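This is what each chain is made of:
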Amino acid sequence: MLEAYRRNSQAEFFSNFMNNETTLDHILAGCMGNFVDWESGECHFETPAFLEFLEFCNTLPEGFEDISFYDALHDGRIFCQGTALWVPWDVAAERTWFGEDLVWPGYPVADGEKDLGGGVASPRGEAFSICKNSSNKEAAWDFLKGCLAEDAQREVTGIPLLRSVSEERIQEALTIEYETVDGREQEKIRHEIILSERGDTIGLTHITEADAAIYRSIIENTHRSSGSDPGMMAIIMEEAGVYFDGGKDAATIADIIQNRVGLYVGERMN
């Protein structure tokens, strides 16, 4: 990813006008497991991968002038566009925005970690888990199994965990519906996309089989969850800010983050 960005002569911005701090925060939220192991309590911020990432973020701007986000995307001045897929229609929406040659490179990961998949699941709303110290694990698991029932999964906002329910939504989006307007039968518009900052819209009647294949592939290749500990991120962003301001070099800052976050994790595991 970094090599492709450096070779791109058109790109003025890495992504969505994200500055050095927001890029650091955003990407770390999707791969914090690379640097912190909550099972063992070990941290790995002194690694070449984190150091390279920190140095890369320092090449990004601190702020942005008043320019059109829409125009910059279509002029190629933005290298990559982050997007969230909630429903199958979202793939079709991105294709409509950017054209048929749209590429889905996946979430940035360090070399050697491609098996982690190209996407990151970001829970929205309630999330459930079973505490390892619980004395009622069987009852808790019975509750979770209830949440995985088809009827319950059909009520999920976003991507269902059951393939069968997810496929129902894909097939629904693939199906063309018809309506009669002024005595003429026509395809029914079922999804609207905002095309520009002026609020121009276009209506879609269905998604394509290619859209569905991309959607399925991204879901099946997502094996990580986005999220971060607020206290941990406060430490990282505080020290990274010193580096971005030129106070200390990247290697020194990485060592400080390693030590401070290591103490933080250790305190919470005891």
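A brief report on the enclosed structure follows. All values reported here derive from a predicted model rather than from experimental measurement.

1. Quick notes on the overall build of the protein chain
Check the secondary structure of the protein chain and you find 11 helices and 8 strands. The principal-axis extent of the C-alpha atoms belonging to the protein chain is close to 70 × 55 × 30 Å. By sequence separation, contacts in the protein chain at least 24 residues apart represent 66% of the contacts at least 6 residues apart. Carbon and sulfur atoms provide 50% of the accessible area of the protein chain, an area that totals close to 16,300 Å². Counting 21 positive and 49 negative side-chain charges, the protein chain places the centres of these two groups 4 Å from one another.

2. Re helix H11 (residues 250-269)
In this model H11 runs 28 Å from its N-terminal to its C-terminal C-alpha over 20 residues, within 8% of the 28 Å that 1.5 Å per residue would give. Along H11, the residues that are buried comprise Ala250, Ile253, Ala254, Ile257, Gln258, Val261, Tyr264 and Val265. When H11 is viewed along its axis, its buried side chains cluster within an angular range of 145° and face the same direction. Within H11, the exposed residues directed more than 90 degrees away from the buried face are Asn259, Leu263 and Glu267.

3. What about the environment of Asn20?
Among the structural elements, Asn20 can be located in helix H2 (residues 20-31). Judged by relative accessible area, which is 4%, Asn20 ranks as buried. Expressed as a C-alpha distance, the spacing of Asn20 and Val165, which sit 145 residues apart in the sequence, is 39 Å.

4. Focus on a nonpolar patch on the surface
Where nonpolar side chains cluster on the molecular surface, the patch consists of Ile130, Trp141, Leu148 and Leu161 and spans about 380 Å² of accessible area. Here Trp141 lies in helix H6 (residues 137-147). In this structure Trp141 comes out as partly exposed when scored by relative accessible area, which is 42%.

5. Concerning unusual backbone geometry
In this structure, Asp182 takes a positive phi of about 55° despite not being glycine. As for its placement among the helices and strands, Asp182 is situated in the loop between strand S4 (178-181) and strand S5 (184-187).

6. Overview of the packing of H2 against helix H10 (residues 230-244)
One can describe the packing of H2 onto H10 by two numbers: an axis separation of 11 Å at closest approach and a directional angle of 145°. Considering only the axes of H2 and H10, their crossing is right-handed. Along its contact with H2, which presents Asn20, Glu21, Leu24, Asp25 and Leu28, the element H10 presents Met233, Ile236, Met237, Ala240, Gly241 and Phe244. For the contact of H2 with H10, the residue count by class is 7 nonpolar, 2 polar and 2 charged.

7. With respect to the pattern of salt bridges
Taken as a whole and judged by the stated rule, the model has 14 salt bridges. With a closest N to O distance of 2.7 Å, Arg95 and Asp211 form a salt bridge. With Arg95 in helix H5 (residues 89-98) and Asp211 in helix H9 (residues 209-220), this residue pair connects regions lying 116 residues apart in the sequence. According to the relative accessible area criterion, Asp211 is buried, its value standing at 1%. Put simply, Arg190 and Glu177 hold a salt bridge, and the shortest N to O gap is 3.9 Å. Here Glu177 lies in the loop between helix H8 (163-174) and S4 and Arg190 lies in the loop between S5 and strand S6 (191-194), a separation of 13 residues in the sequence. On the basis of relative accessible area, Glu177 is assigned to the partly exposed category, the value being 31%. When salt bridges with common partners are traced through the structure, they connect Glu150, Asp151, Arg154 and Glu168 into a single cluster.

Cut-offs used in this document
Residues numbered from 1 in each chain as written. Predicted model: local features only at pLDDT ≥ 70, side-chain atom pairs only at ≥ 80, totals over all residues. Heavy atoms only, no water. Helix = DSSP H or I, 4+ residues; strand = E, 2+ residues; numbered from the N terminus. Contact = heavy atoms within 4.5 Å. Areas by Shrake-Rupley, 256 points an atom, 1.4 Å probe, with all protein chains shown as cover. Lys, Arg positive; Asp, Glu negative; His and termini not counted. Charge placed at Lys NZ, Arg CZ, Asp CG, Glu CD. Expected span 1.5 Å × (residues − 1). Buried < 20%, exposed > 50% of the residue type's maximum accessible area, 1.4 Å probe, protein only. Arc of directions from axis to C-beta. Patch = residues over 30% accessible without salt bridge, like charges linked within 9 Å, V, L, I, M, F, W, Y side chains within 5 Å. Salt bridge = Lys/Arg side-chain N within 4 Å of Asp/Glu carboxyl O. Axes fitted to C-alpha atoms, helices over the stretch in contact; angles between N-to-C directions. Left-handed = near helix turned anticlockwise from the far one by under 90°. Nonpolar A, V, L, I, M, F, W, Y, C, P; charged D, E, K, R; others polar.

Keep in mind these numbers describe shape, not what the thing actually does.
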